[in-house]
Amino acid sequence: MYQQAAWFTTIIFIAGIIGVFVYVLINSSQKEEYASVKHKGHTVQKFYFLGLIVVLGIATTITLQDLPFDRAKAQENQIEVDATAMQFAFELSQNEFKVGQPIVFNVTSKDVNHGFGIYDDNMQIVAQTQAMPEYTNPVYVTFKKPGTYKVLCLEYCGIAHHVMQATITVTE
Ligand SMILES: [Cu+2]
């Protein structure tokens, strides 16, 4: 569903850009005094810039209301797991867990910025954070159902970014 929304949004923006190009192309044969064009350009620019701020402000507010996963917190009995990302793999100090067991993944990177996204069997995101060199970002997860989960990189990090993967097994 999210992929579809992203796809349609992209298509709409591309159509808009094509529309602008076509409009400019059609009107490019008309000659106008430079001074008047410049003045008009500034007014149009100001109008569109304010419009853009309003549109992006509303879109950001609406889309940040809801994350596609739970925002979990630290818990006393949580298992600590070291999760290190590198070109092009993930290293997890533990990858077998039980349902209902609170876990914190301490996520870092050995080289460049990576993403650390945990996906369930249906490729629905469960949790995510950035994997950054010299920083450790905690991700709190409590798996609610058994299955095979995947860790995927969410930040383009180089030529083999798409093969970066780790597996997590969750049992009852
Ligand atoms: Cu990557």
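Residues numbered from 1 in each chain as written. Predicted model: local features only at pLDDT ≥ 70, side-chain atom pairs only at ≥ 80, totals over all residues. Heavy atoms only, no water.

Peer 1: I'd like a rundown of the sheet that holds strand β3 (residues 96-98), residues and numbers included.
Peer 2: Ordered in space as β3-β9-β8-β5-β6, the five strands form an open sheet in which the pairing is mixed. Two strands lie at the open edges of the sheet, namely β3 and β6 (125-131), each paired on one side alone. Across the sheet, the mean angle from the axis of one strand to that of its neighbour is 20°, orientation sign disregarded. The sheet contact formed by strand β8 (residues 147-152) and strand β9 (residues 165-171) spans six bridges and is antiparallel. Bridge pairing in β9 places K150 opposite T167. (Pairing = 2+ DSSP bridges. Helix = DSSP H or I, 4+ residues; strand = E, 2+ residues; numbered from the N terminus. Axes fitted to C-alpha atoms, helices over the stretch in contact; angles between N-to-C directions.)

Peer 1: Give a description of the packing of aromatic side chains that names residues and reports values.
Peer 2: Under the defined criterion, the tally for this structure stands at six aromatic pairs. Taking the centre distance of 5.6 Å and the plane angle of 50° together, the rings of F105 and F116 count as tilted. Residue F105 is located in strand β4 (residues 102-109), and its partner F116 is located in strand β5 (residues 114-119); the two are separated by eleven residues in the primary sequence. (Phe/Tyr/Trp six-rings, centres within 6.5 Å; stacked < 30°, edge-to-face > 60°.)

Peer 1: Would you mind going over a nonpolar patch on the surface in detail, with residue names and values included?
Peer 2: Judged by side-chain polarity, W7, F8, I11 and I12 come together as a nonpolar surface patch covering roughly 450 Å² of accessible area. Locating W7 in the fold gives a position in helix α1 (residues 2-27). A residue is classified by how much of its surface remains accessible, and W7, at 52% relative accessible area, is exposed. (Patch = residues over 30% accessible without salt bridge, like charges linked within 9 Å, V, L, I, M, F, W, Y side chains within 5 Å. Areas by Shrake-Rupley, 256 points an atom, 1.4 Å probe, with all protein chains shown as cover. Salt bridge = Lys/Arg side-chain N within 4 Å of Asp/Glu carboxyl O. Buried < 20%, exposed > 50% of the residue type's maximum accessible area, 1.4 Å probe, protein only.)

Peer 1: With reference to specific residues and values, describe the side chain of T108.
Peer 2: Its place among the elements puts T108 in strand β4. Here the side chain of T108 touches M132 through a polar contact of 3.2 Å, landing on its backbone oxygen. Apart from residues no more than four positions distant in its own chain, T108 is found in contact with A83, T84, A85, A131, M132, E134, Y135 and T136. (Polar contact = N/O pair within 3.5 Å; in protein donor to acceptor, adjacent residues only side chain to side chain. Contact = heavy atoms within 4.5 Å.)

Peer 1: Can you break down the UniProt feature "transmembrane region" (unreviewed entry) in the protein residue by residue, with the values?
Peer 2: Following the UniProt record, the feature "transmembrane region" (unreviewed entry) maps to residues 6-26 and 47-64 here. Regarding residues 6-26, the helix share stands at 100% and the strand share at 0%, and the terminal C-alpha atoms are separated by 30 Å. From the first C-alpha to the last, residues 47-64 spans 26 Å; its make-up is 94% helix and 0% strand. (UniProt positions renumbered as here; feature names shortened; annotations may be inferred.)

Peer 1: Hey, could you go over the domain arrangement of the protein for me, with residue numbers and the actual values?
Peer 2: Once the domains are mapped, the protein shows domain 1 (2-63) and domain 2 (79-171). Computed from C-alpha atoms alone, the centre-to-centre distance between domain 1 and domain 2 is 39 Å. (Domains from an automatic or database assignment.)

Peer 1: I'd like a rundown of the nonpolar core, residues and numbers included.
Peer 2: Counting 24 residues, the largest nonpolar core has F105, F116, I118, F143 and I168 as its most contacted members. Sorting the residues of this core by element identifies β1 (79-86), β2 (89-92), β4, β5, β6, β7 (137-142), β8 and β9 as the ones contributing at least two each. Those residues in contact with F143, other than ones at most four positions away along the chain, are F97, V99, G100, Q101, I103, I118, Y149, I168 and V170. (Core = buried A, V, L, I, M, F, W, Y, C linked by side-chain atoms within 4.5 Å.)

Peer 1: Which residues make up the coordination of the copper ion, and what are the values?
Peer 2: Each protein donor to the copper ion is listed here as C153 (SG), E155 (O), C157 (SG) and H161 (ND1); together their distances run 1.9 to 2.4 Å. Considering all four donor atoms around the copper ion, the spread of angles at the metal, 85 to 122°, places the coordination shape in the tetrahedral class. Of note, the copper ion draws all its donor residues from one chain, in the sequence arrangement C-x1-E-x1-C-x3-H. Each member of the pair, C153 together with H161, is buried. (Donors = N, O, S within 2.8 Å, 3.2 Å for Na, K, Ca; no water. Tetrahedral: all angles 85-135°; square planar, octahedral: opposite > 155°, others 65-115°.)

Peer 1: For the pattern of salt bridges, give the residues involved together with the corresponding values.
Peer 2: A complete count under the given rule lists two salt bridges for this structure. Taking the shortest distance from any N to any O, the salt bridge between K110 and E91 comes out at 4.0 Å. Separated by 19 residues along the polypeptide, K110 in the loop between β4 and β5 and E91 in strand β2 bring together distant segments of the chain. Since its relative accessible area comes to 55%, K110 is described here as exposed. Judged by its relative accessible area of 43%, E91 falls in the partly exposed class. With a shortest N-O distance of 3.4 Å, D120 and K145 are connected by a salt bridge.

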